[in-house]
Amino acid sequence: MDRREPARSVTRRSVLAAACVAAASATLASCAPRDAAASTEDPSEKRVQYGFWMDSRNCVGCASCVAACRQASGTPEDGEARRKTVAYRFERGRLRFVSLSCMHCAQPACLAACPAGAIGKRADGIVVVDQGRCIGCRYCHEACPFGTPHYTPQGMDKCDCCLGAGVEPGREPYCVQACPADALHFGELEEMRPQAEAAGATDLLEAPTGPSFFLT
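Residues numbered from 1 in each chain as written. Predicted model: local features only at pLDDT ≥ 70, side-chain atom pairs only at ≥ 80, totals over all residues. Heavy atoms only, no water.

Trainee: Just checking my understanding: could you explain the layout of surface pockets for this structure?
Mentor: Over the atoms rolls a probe the size of a water molecule, and in doing so it shows where empty space is left. Estimated volume of the second largest pocket: approximately 230 Å³. Along its surface, the second largest pocket is lined by 14 residues, and Thr 75, Pro 76, Thr 152, Gln 154 and Asp 157 are the ones closest to its centre. Counting residues per element, the lining of the second largest pocket draws most heavily on strand β7 (residues 150-152), which supplies 3 residues. Of the residues belonging to the lining of the second largest pocket, the class tally is 3 nonpolar, 8 polar and 3 charged. (1 Å grid on protein atoms, 1.4 Å probe; cavity = no way out; pocket = protein on both sides within 12 Å on 5 of 7 lines; lining within 4 Å. Points joined across faces, edges and corners; volume = space filled by probe spheres on them. Helix = DSSP H or I, 4+ residues; strand = E, 2+ residues; numbered from the N terminus. Nonpolar A, V, L, I, M, F, W, Y, C, P; charged D, E, K, R; others polar.)

Right, dumping it as structure tokens:
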């Protein structure tokens, strides 16, 4: 089980408010090739956007999602997991846990910053990495407002919604399947929106990159 980070005081809409870092991607965008993004899309596919809804009211911080992610992706115990749980103090000092991974942004700063064309965004909105093309420059890590990209000897690594573990697009990733508290959800954003808003998520998490993530 991954250790959770120390609790910090935040409001719900400012959790992860490191979005200003995304401005760094604008400097690098002009030099990034687009062939990786194009190669992951089929023009005949319906364009949708899959993403996550995290209901922190239900999360108990058990990190079952992290353990499932490690097992599905084959992450070694001494390696950084694709998903983590973080403790936050929300309004009125209430402690809650949030399960986090790649946000599969509408406008991924990592893709814009990658000079090797190793990052692509599929027609279903899932952001993927071709580790064989990664040169380890870490520009994507610097550009990502959430600090998501991390590195292995094979190249940059991050959540791919369990595509690499054999989960078909639209089906629940292993992290969601493992959650015992019904706190972590996955699906088409617009289909999840009514339920997420009814639970108190007023909008997607705010950041210039357009993260595909509801937070309650």
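Trainee: Is there a simple way to explain helix α3 (residues 64-73) in this structure?
Mentor: Helical periodicity: at 3.6 residues per turn, an α-helix aligns residues three or four positions apart in one direction. Among all positions in α3, only Cys 65, Val 66, Ala 68, Cys 69 and Arg 70 are buried. Where α3 is buried, its residues contact β3 (84-89), β4 (95-100), α6 (174-178) and β9 (184-188). Immediately downstream of α3, the backbone of Gly 74 shows phi near 70°, a positive value. (Buried < 20%, exposed > 50% of the residue type's maximum accessible area, 1.4 Å probe, protein only. Contact = heavy atoms within 4.5 Å.)

Trainee: Mind showing me how you'd approach the pairing of β4 here?
Mentor: Looking along a regular strand, one sees side chains alternate from face to face of the sheet. Taken across its 6 residues, β4 has 5 buried, putting it largely inside the fold. One ladder, built from 6 bridges, connects β3 with β4; its direction is antiparallel. Paired with Tyr 88 across the two strands is Arg 96, which belongs to β4. Linkage of β3 to β4, two consecutive antiparallel strands, is achieved through a turn of 5 residues, within which Arg 92 is found at a positive phi near 65°. (Pairing = 2+ DSSP bridges.)

Trainee: Just checking my understanding: could you explain the sheet that holds β9 for this structure?
Mentor: With mixed pairing, the 3 strands of this open sheet are ordered in space as β9-β2-β10. Two strands close off the open sheet at either side, each with one partner strand: β9 and β10 (213-215). Geometrically, the sheet is characterised by an average inter-axis angle of 20° between neighbouring strands, direction not taken into account. Pairing analysis gives 5 bridges linking strand β2 (residues 50-54) to β9, with the strands arranged antiparallel. Pairing of Gly 51 across the sheet is with Gly 187, part of β9. (Axes fitted to C-alpha atoms, helices over the stretch in contact; angles between N-to-C directions.)

Trainee: Whenever I open this one, the pattern of salt bridges confuses me. Can you help?
Mentor: Pairing between side chains becomes possible if they bear opposite charge and their charged atoms approach one another. Taken as a whole, this structure holds 6 salt bridges when the rule is applied. A salt bridge links Arg 57 to Asp 55; the shortest N-O distance between them is 2.8 Å. For Arg 57, a relative accessible area of 47% translates into the label partly exposed. According to the relative accessible area criterion, Asp 55 is buried, its value standing at 2%. Between Arg 193 and Glu 190 there is a salt bridge, with the nearest N and O atoms lying 3.2 Å from each other. Note that Arg 193 and Glu 190 are positioned in helix α7 (residues 189-198) at a spacing of 3 residues, about one turn of the helix. Taken together, the shared-partner salt bridges in this structure form one network comprising Arg 82, Asp 157 and Asp 160. (Salt bridge = Lys/Arg side-chain N within 4 Å of Asp/Glu carboxyl O.)

Trainee: I tried to follow the side chain of Arg 96 on my own but got confused; where do I start?
Mentor: Position of Arg 96 among the secondary structure elements: in strand β4. Despite its burial, Arg 96 remains without a salt bridge, the nearest opposite charge being carried by Asp 55 at 5.9 Å. Side-chain polar atoms of Arg 96 contact the side chain of Ser 56, separated by 3.3 Å. (Lys, Arg positive; Asp, Glu negative; His and termini not counted. Polar contact = N/O pair within 3.5 Å; in protein donor to acceptor, adjacent residues only side chain to side chain.)

Trainee: Would you mind going over unusual backbone geometry with me for this structure?
Mentor: Residue Cys 161 is not a glycine yet carries a positive backbone phi of 60°. Residue classification places Cys 161 among the buried positions, given a relative accessible area of 3%. Within the chain, Cys 162 stands out as a residue other than glycine whose phi angle is a positive 65°. With respect to the secondary-structure elements, Cys 162 resides in the loop between β8 (155-157) and α6. Residue Cys 162 is classed as buried on the basis of its relative accessible area of 12%.

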